[in-house]
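Structural overview
The residues making up each chain are set out below.
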Amino acid sequence: MFNFSDAHCHIYEPQSETSGIAHRIINAVTESDWENLIKIQSDSVFVCLGIHPWHINTARKSWDKNLYNILKQNPKIMIGETGLDASKPNIGPQEEFFIRHLEIAHNLKRAIHIHCVKAWDRLLHILKNNRENLPPAILIHGFSGTPEIIHELATKYNVYFSYSAPQTNPNITRHRNRILATPRTKILLESDANTIQTATTKLTTACENIAKILGISPNEVISITNTNFQKVISQ
Ligand SMILES: [Zn+2]
């Protein structure tokens, strides 16, 4: 039986003993997820609350005040999912939401969990502008950037890089180079799944692919990513 730590998923069901997933981080997508997620947090289930960049149009006016108040009462809850997606037309409003999430994460000293698609320049610009006011840890999920972007992020900020199966194909040079460029102290595994069953399959594939690329055993990948996971949740 595996012992994965799933750094990013949307499984809104309680923990299962037999899944092979020892720990997981669940990200909210809209404000309507928050109440349910607060209830399922436990010693092995960690929760992020936020509004996904695809769903900012569902946010109520007071979403940020509400988020701040919930986080103040729940010291283990982190912020996510938030971020920038330039494949969608509303990148301007997305930036406003993302910056507000960043401010709350900084104020309350919580890790932030980011979705970034085709918006690396904007992300780097925002991080640079807020350099003195960043959260204690930044996790970028489903990381799809280049080795150059990894270098920039890893040397300047406390960024973790989380990978799911589609970003880890050992037969694709771009994927191999990305995994090889990621510091081992910052690499994470994720399923990005909605159900426990698909999560286990996806984590197994990502783990085996990364092991192949790094030339280490799947158990070593599990051990490295479990250590990094513990760092993220205890920032
Ligand atoms: Zn997600």
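Everything discussed here concerns the structure shown above.
Parameters at a glance
- Residues numbered from 1 in each chain as written.
- Predicted model: local features only at pLDDT ≥ 70, side-chain atom pairs only at ≥ 80, totals over all residues.
- Heavy atoms only, no water.
- Helix = DSSP H or I, 4+ residues; strand = E, 2+ residues; numbered from the N terminus.
- Expected span 1.5 Å × (residues − 1).
- Buried < 20%, exposed > 50% of the residue type's maximum accessible area, 1.4 Å probe, protein only.
- Contact = heavy atoms within 4.5 Å.
- Salt bridge = Lys/Arg side-chain N within 4 Å of Asp/Glu carboxyl O.
- Phe/Tyr/Trp six-rings, centres within 6.5 Å; stacked < 30°, edge-to-face > 60°.

Some points on helix H7 (residues 196-214)
Compared with an ideal rise of 1.5 Å per residue, which puts 19 residues at 27 Å, H7 spans 27 Å between its outermost C-alpha atoms and is within 8% of the ideal. When we look at burial in H7, the residues that qualify are Ile196, Ala199, Leu203, Thr204, Ala206, Cys207, Asn209, Ile210, Ala211, Ile213 and Leu214. Lining the buried residues of H7 we find strand S1 (4-9), strand S2 (21-27), strand S7 (159-163), helix H6 (173-181), strand S8 (187-189) and helix H8 (218-233). The positive-phi residue at the C-terminal boundary of H7 is Gly215, with phi of around 70 degrees.

Here's the deal with the pattern of salt bridges
Across all of its chains, the model carries five salt bridges by this definition. Of the charged contacts in the structure, one is a salt bridge between Arg60 and Glu31, with a shortest N-O distance of 3.0 Å. Placement of the pair is Arg60 in the loop between strand S3 (45-49) and helix H2 (63-73) and Glu31 in the loop between S2 and helix H1 (34-40), with a sequence separation of 29 residues. One salt bridge in this structure joins Glu95 and Arg122, with 2.5 Å as the shortest N-O distance. In this pair, Glu95 sits in helix H3 (residues 91-107) while Arg122 sits in helix H4 (residues 120-129), placing the two residues 27 residues apart along the sequence.

Section: the packing of aromatic side chains
One pass over the full model with this rule turns up five aromatic pairs. Consider the rings of Phe46 and Phe229, whose centres lie 6.0 Å apart with planes at 70 degrees: the pair is edge-to-face. In this pair, Phe46 is assigned in strand S3 and Phe229 in helix H8, connecting sequence segments 183 residues apart. On the basis of an interplanar angle of 85 degrees and a centroid distance of 6.3 Å, the ring pair of Phe143 and Tyr163 is categorised as edge-to-face. You can see Phe143 sitting in the loop between strand S6 (138-141) and helix H5 (147-156) and its partner Tyr163 sitting in strand S7, a full 20 residues away along the chain. Since its relative accessible area comes to 0%, Phe143 is described here as buried. Tyr163 sits in the buried class, given a relative accessible area of 0%. Following the ring pairs from residue to residue traces out a cluster consisting of Trp120, Phe143, Phe161 and Tyr163.

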